[in-house]
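Residue strings, one per chain:
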Amino acid sequence: MDTIMKGEESEEVEIDLEDSDEFDNEEESHMLWKAPAALEEEENIHTSTMVEISDTKPLINVRDPRGINDCLKVTFEDVIAEPVSVRSGDRVWIWSNALFEVSRIWFYRIVTVLLAIPLSVFSGILFAILSCLHIWTVGPFIQCISTGTRWLQSLWEVVLGVILRPFFLSAGRCCAGFSIHLVKE
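Because the structure is a prediction, the values reported are computed rather than measured.

Caption draft 1: Highlighting the overall build of the chain. On a plain count of helices and strands, the chain comes out with 4 helices and 2 strands. Secondary structure elements in the chain, listed N-terminal to C-terminal, are β-β-α-α-α-α. In the chain, of all internal contacts separated by at least 6 residues, the share reaching a separation of at least 24 is 36%. Total accessible area on the chain stands at roughly 17800 Å², and carbon and sulfur atoms take up 64% of it.

Encoded structure:
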């Protein structure tokens, strides 16, 4: 397999190197190439006014890729369990299982329809406000404080290096000779 790579962000593209009119055999192998990112795209990515961000596209098949809600994987057997000594009829057990699953799924869908969009809008607004505050107030404030107090940082490093470090090194060397042996009686 021949690969051409340019940086870490190359995409894998399947290229069919055979003519479809000449060969009807679909067992012929296809060659996979690493296509380099287009030079024009790399140059225009910083100058373009609209940048497409692929992280904002919703995942349709994998909706919890980081496993945030693993604790919510609840099945019928996790909620209802009959001991061997006390058992209901088989039909009751089967219908209970079916009704549990159907009601869990449909009530989740109904509640999701009613609450998901308003809560998504609220969460989006909240995170936008928090991001804006962090970018335009918290970040510059911390930068101003750290710039204005560089002398205090230097003074603290001197105090730690001249006074506290030798003291704790001496205390550590003094206590290094002690050993504790525990004996069971």
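The structure having been displayed, the exposition proceeds.
Caption draft 2: Main features of the pattern of salt bridges. Within the structure shown, the criterion is met by 1 salt bridge. Notably, a salt bridge pairs Glu101 with Arg104, separated by 2.6 Å at the nearest N-O pair. Of the two residues, Glu101 and Arg104 are both situated in helix α3 (residues 90–148); the distance of 3 residues between them amounts to about one turn of the helix.

Caption draft 3: Main features of the packing of aromatic side chains. Tallied over the entire structure, the rule returns 3 aromatic pairs. Pairing Phe76 with Trp93 gives two aromatic rings, centres 4.9 Å apart and planes at 70°, and the pair type is edge-to-face. Here Phe76 is found in helix α2 (residues 76–79), whereas its partner Trp93 is found in helix α3, with 17 residues between them in sequence. With a relative accessible area of 27%, Trp93 lands in the partly exposed category.

Caption draft 4: Structural context of the environment of Thr75. Tracing the backbone shows Thr75 in the loop between α1 (39–44) and α2. Judged by relative accessible area, Thr75 falls into the partly exposed class, the value being 34%. Residues Thr75 and Asn97 lie 22 residues apart in sequence; the distance between their C-alpha atoms is 9.1 Å. In this view, Thr75 contacts Phe100 and Glu101; residues no more than four positions away in its chain are not counted.

Caption draft 5: Structural context of a nonpolar patch on the surface. A cluster of nonpolar side chains, namely Ile117, Val121, Phe122, Ile125, Leu126, Phe127, Ile129, Leu130 and Leu133, defines an oily patch on the protein surface of about 900 Å² accessible area. By the element assignment, Leu126 lies in helix α3. Here Leu126 falls in the partly exposed class, since its relative accessible area comes to 36%.

Caption draft 6: Structural view of the state of the cysteines. Going through the model one piece at a time under the given rule, you end up with 0 disulfides. Here Cys174 is not disulfide-linked; the sulfur of Cys175 is the nearest cysteine sulfur, at 6.4 Å. Take Cys174: its relative accessible area is 57%, and that puts it in the exposed class.

Caption draft 7: Seen up close, the environment of Ser103. Note that Ser103 resides in helix α3. In this structure the side chain of Ser103 is engaged in a polar contact, spanning 2.8 Å, whose partner is the backbone oxygen of Leu99.

Caption draft 8: Representation of the confidence of the model for the chain within the structure. Summing up the model confidence of the chain, the mean pLDDT is 76 and the portion of residues at 70 or higher is 68%. Across residues 22–36 the pLDDT falls below 50, and counting only partners more than four positions away or on other chains, this stretch makes 29 contacts in the model.

What counts and what doesn't
- Residues numbered from 1 in each chain as written.
- Predicted model: local features only at pLDDT ≥ 70, side-chain atom pairs only at ≥ 80, totals over all residues.
- Heavy atoms only, no water.
- Helix = DSSP H or I, 4+ residues; strand = E, 2+ residues; numbered from the N terminus.
- Contact = heavy atoms within 4.5 Å.
- Areas by Shrake-Rupley, 256 points an atom, 1.4 Å probe, with all protein chains shown as cover.
- Salt bridge = Lys/Arg side-chain N within 4 Å of Asp/Glu carboxyl O.
- Phe/Tyr/Trp six-rings, centres within 6.5 Å; stacked < 30°, edge-to-face > 60°.
- Buried < 20%, exposed > 50% of the residue type's maximum accessible area, 1.4 Å probe, protein only.
- Patch = residues over 30% accessible without salt bridge, like charges linked within 9 Å, V, L, I, M, F, W, Y side chains within 5 Å.
- Disulfide = S-S within 2.5 Å.
- Polar contact = N/O pair within 3.5 Å; in protein donor to acceptor, adjacent residues only side chain to side chain.
- pLDDT = per-residue confidence, 0-100.

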